[in-house]
Amino acid sequence: MKNHSLLCFGAGAVGSLFCGLLAKNGFRVDFVARGAHLEEVKKSSILKIDSYRYGYLEIFVNFYEKPQKNYDIVFICTKSQDTADACLAIRSYITDKTIIVSMQNGIDNPETIRSIYPKNKIVATSVFVGASIERPGFVKHSAEGRLIIGKITENVTDEDMDLLQEIFTSSEIPCQIDKDIKLVMWKKLLWNLIFNPLSALLEATCGKLVDNEHSNHIMKEILKEGVKAASLEGIIIPQEYLDKIMNVTGNLYYYKTSMLQDIEKLKIPEVDGIMLPVIKRLKESSGAPYTETVYNLLKFKYGKKYIYTPKLTVDVIVYNSKKEILLIERKNPPYGWALPGGFVDYGETVEDAAKRELREETGITLEDIKLLGVYSDPRRDVRFHTVSIVYYGYSDSKPIANDDAKNALFFSIKDIPDAIAFDHRKIIEDFVKILL
């Protein structure tokens, strides 16, 4: 089994993770990638993976700009918009016996592959995973990590499917075979349809989309359109699945969808591959007004230029005559104790924002505040990248919790709560070292 020659074409987060695990377990895998990820891995031939399931891994791999030889199995892991180009790029490196596996979002990619290679065996994969390229050469695996595979073309044998399943399961990747892969793909498309576009448009994580009544309503309407589009192809989505599709717990609550991750990296997200299948299928009947509106808004907001910057926030350290520090207990996730603060409004100076947030959350008014520093670690907020400008000031006023604060109390430096949100413990430590 490990004598088969494998190709991972389009080694982004998904391809690097799954095919990296194959390489770790002795399979002969060549990776085709591009950009900084390719250049970084080529330097050392080491792919780094930090996985909630497998731990920290450093895997010896072969990364290239193009395929190197003939392959028995090709995994296409590109974005939907790159599927046709990927097929043309592998033309000289496959035979009629090569199994081509689509490991992509969307539902039309396998048919695109079949239209270009009608004689080949085509297999579709529904990928359920939370993965991202945190930095070139480094993949973060944060949630799920399983595959469902199924036949697209009739020439795929049961033995072919068993081989693919064994390749994955022998590398500790959960993989099951499903005879109704089109239903599986539509179910996956519906999840992507309701979460990905809105997360990119509103720059929000999955949990925040579900919790907000307005985005929640739009998601439900988009879901109805997706279900109707599926029914036009004879695909009936089980009600049990629909009832649970918007449940986001654990790591998924703070998960950034692939579209949002792409925009943060100034990459073109997979808008067409996820949204157009529904828009096109309903065009001649009822239409898809909610899906199409979000689609058009994404095009209007980003066009071909994906300008994405960190969110600007402020925090305020208030200390009193007892040399205690004021903290608020947060009402909203991420929960825990934190310094008073929040986002800077458009047209507002950062100094005014700091004073406003302090007043709104604690009732304390400060006119004299001084700058402590700027904190910009991209990982400081689990929801998204924020940059905080931190101020400090003195007050013996009694705080009154309000707005986003459930509680507001002064704490001795020696008795700071364990549950501190964001990087506020580090900010407090810096303040103590410098000024107290």
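Each remark here, short or long, concerns the structure printed above.
Residues numbered from 1 in each chain as written. Predicted model: local features only at pLDDT ≥ 70, side-chain atom pairs only at ≥ 80, totals over all residues. Heavy atoms only, no water.

**Q** I'd love a proper account of the overall build of the protein chain, names of residues and values included.
**A** Scanning the protein chain from terminus to terminus reveals 14 helices and 17 strands. When the backbone C-alpha atoms are referred to their principal axes, the protein chain occupies close to 80 × 55 × 35 Å. When the 436 residues of the protein chain are sorted by exposure, 54% land in the buried category. (Helix = DSSP H or I, 4+ residues; strand = E, 2+ residues; numbered from the N terminus. Buried < 20%, exposed > 50% of the residue type's maximum accessible area, 1.4 Å probe, protein only.)

**Q** Kindly report on helix α2 (residues 35-44), identifying the contributing residues and their values.
**A** Of the residues making up α2, those classed as buried are His37, Leu38 and Val41. Burial along α2 is one-sided: seen end-on, the buried residues are contained in an arc of 95°. Considering only its buried residues, α2 is in contact with α1 (13-24), β3 (46-51), β5 (62-64), β8 (121-135) and β9 (138-151). Residue serine 45 follows α2 closely and has a positive phi angle near 60°. (Arc of directions from axis to C-beta. Contact = heavy atoms within 4.5 Å.)

**Q** Could you give me a rundown of the pattern of salt bridges, with the residues and numbers involved?
**A** Should the charged atoms of two oppositely charged side chains come close, the side chains can pair. Evaluated as defined, the whole model comprises 26 salt bridges. Between arginine 380 and aspartate 423 there is a salt bridge, with its nearest N and O atoms 2.7 Å apart. With arginine 380 in the loop between β15 (370-375) and β16 (386-394) and aspartate 423 in the loop between β17 (405-412) and α14 (424-435), the pair connects residues that are 43 residues apart, well separated along the chain. Here arginine 380 falls in the buried class, since its relative accessible area comes to 7%. (Salt bridge = Lys/Arg side-chain N within 4 Å of Asp/Glu carboxyl O.)

**Q** Lay out the nonpolar core with the relevant residues and their values.
**A** By size, the foremost hydrophobic cluster in this structure holds 65 residues, and its most contacted members are Ile90, Trp186, Phe195 and Met275. When residues no more than four places from it in sequence are discounted, the contact partners of methionine 275 are Leu193, Pro197, Thr291, Val294, Tyr295 and Leu298. Counting residues in each nonpolar core, the second largest holds 45 residues, with Leu21, Ile59, Val139 and Leu147 among its members. (Core = buried A, V, L, I, M, F, W, Y, C linked by side-chain atoms within 4.5 Å.)

**Q** Provide a residue-level description of the packing of aromatic side chains, including the pertinent values.
**A** Under the criterion given, the structure shown has eight aromatic pairs. Judged by centre distance (5.6 Å) and plane angle (45°), the ring pair of tyrosine 319 and phenylalanine 431 falls under tilted. Note that tyrosine 319 is positioned in strand β11 (residues 311-319) and phenylalanine 431 in helix α14, a separation of 112 residues in sequence. With relative accessibility at 0%, the residue phenylalanine 431 sits in the buried group. Summarising the aromatic geometry, the rings of tryptophan 337 and phenylalanine 411 are spaced 5.0 Å apart at their centres and angled 80° between planes, so their arrangement reads as edge-to-face. Of this pair, tryptophan 337 sits in strand β13 (residues 337-338) while phenylalanine 411 is found in strand β17, placing the two residues 74 residues apart along the sequence. Clustering of aromatic rings is evident, with ring pairs tying together Tyr319, Tyr392, Tyr394 and Phe431. Arginine 146 extends its terminal NZ or CZ atom over the ring of phenylalanine 128, reaching a point 4.2 Å from the ring centre. (Phe/Tyr/Trp six-rings, centres within 6.5 Å; stacked < 30°, edge-to-face > 60°. Lys NZ or Arg CZ within 6 Å of the ring centre and 35° of its normal.)

**Q** How would you summarise the packing of helix α6 (residues 181-202) against helix α12 (residues 289-302) if you had to cite specific residues and measurements?
**A** Relative to each other, α6 and α12 sit at 30°, their axes nearing to 10 Å. For the pair α6 and α12, the sense of crossing is left-handed. Every residue of α12 that contacts α6 at Leu193, Pro197, Leu198, Ala200 and Leu201 is listed here: Thr291, Val294, Leu297, Leu298, Lys301 and Tyr302. Taken together, the residues that form the contact of α6 with α12 break down as nine nonpolar, one polar and one charged. (Axes fitted to C-alpha atoms, helices over the stretch in contact; angles between N-to-C directions. Left-handed = near helix turned anticlockwise from the far one by under 90°. Nonpolar A, V, L, I, M, F, W, Y, C, P; charged D, E, K, R; others polar.)

**Q** Which residues make up the environment of proline 340, and what values do they have?
**A** With respect to the secondary-structure elements, proline 340 resides in the loop between β13 and β14 (341-343). Note on proline 340: relative accessible area 0%, which makes it buried. Sequence separation between proline 340 and arginine 359 is 19 residues; the distance between their C-alpha atoms is 8.9 Å. Among all residues touching proline 340, those that are not within four sequence positions of it are Val314, Asp315, Val316, Leu326, Ile328, Leu358, Glu361 and Thr362.

**Q** Run through the pairing of strand β2 (residues 28-32), naming residues and quoting values.
**A** With four of five residues buried, β2 is to be regarded as a mostly interior element. In this structure, strand β1 (residues 5-9) lies alongside β2, joined through five bridges in parallel fashion. Note on β2: the bridge partner recorded for serine 5 is arginine 28. Regarding topology, α1 serves as the crossover connection from β1 to the parallel β2, and that connection is right-handed. (Pairing = 2+ DSSP bridges. Right-handed = clockwise from strand over helix to strand, strands pointing away.)

**Q** Can you lay out the state of the cysteines for me, pointing to particular residues and giving the numbers?
**A** Scanning all chains against the criterion turns up zero disulfides. In this model cysteine 19 remains outside any disulfide bridge; the closest cysteine sulfur is found in cysteine 8, 3.7 Å from its own. Here cysteine 19 falls in the buried class, since its relative accessible area comes to 0%. (Disulfide = S-S within 2.5 Å.)

**Q** Got a sec to walk through the packing of helix α11 (residues 271-282) against α12? Specific residues and values, please.
**A** Across the interface, α11 lies against α12 with an axial gap of 10 Å and an inter-helix angle of 150°. By the angle between their directions, the pair α11 and α12 is classed as roughly antiparallel. Read as a crossing pair, α11 and α12 show a hand that is left-handed. Residues Val271, Asp272, Met275, Leu276, Val278 and Ile279 of α11 lie in contact with α12, whose contacting residues are Thr291, Glu292, Val294, Tyr295, Leu298 and Lys299. (Parallel < 35°, antiparallel > 145°, perpendicular 65-115°, else oblique.)

**Q** Can you lay out unusual backbone geometry for me, pointing to particular residues and giving the numbers?
**A** Geometrically, the link from proline 333 to proline 334 is a cis peptide bond, its omega value of -5° lying close to zero. You can see proline 334 is positioned in the loop between β12 (324-330) and β13. The phi dihedral of serine 45 is positive, around 60°, even though this residue is not glycine. Checked against the element boundaries, serine 45 lands in the loop between α2 and β3. Here the phi dihedral of glutamate 203 falls at roughly 55°; this positive angle occurs in a residue that is not glycine. In this fold, glutamate 203 is placed in the loop between α6 and α7 (206-211).

**Q** Go over the side chain of serine 395 with me, naming the residues and quoting the values.
**A** Looking at where serine 395 falls in the secondary structure, it is placed in the loop between β16 and β17. Among the polar contacts made by the side chain of serine 395, one reaches the main-chain amide nitrogen of serine 397 at a distance of 3.1 Å. In contact with serine 395, not counting residues within four places along its chain, are Val318, Tyr319, Asn320, Ile364, Leu366 and Phe410. (Polar contact = N/O pair within 3.5 Å; in protein donor to acceptor, adjacent residues only side chain to side chain.)

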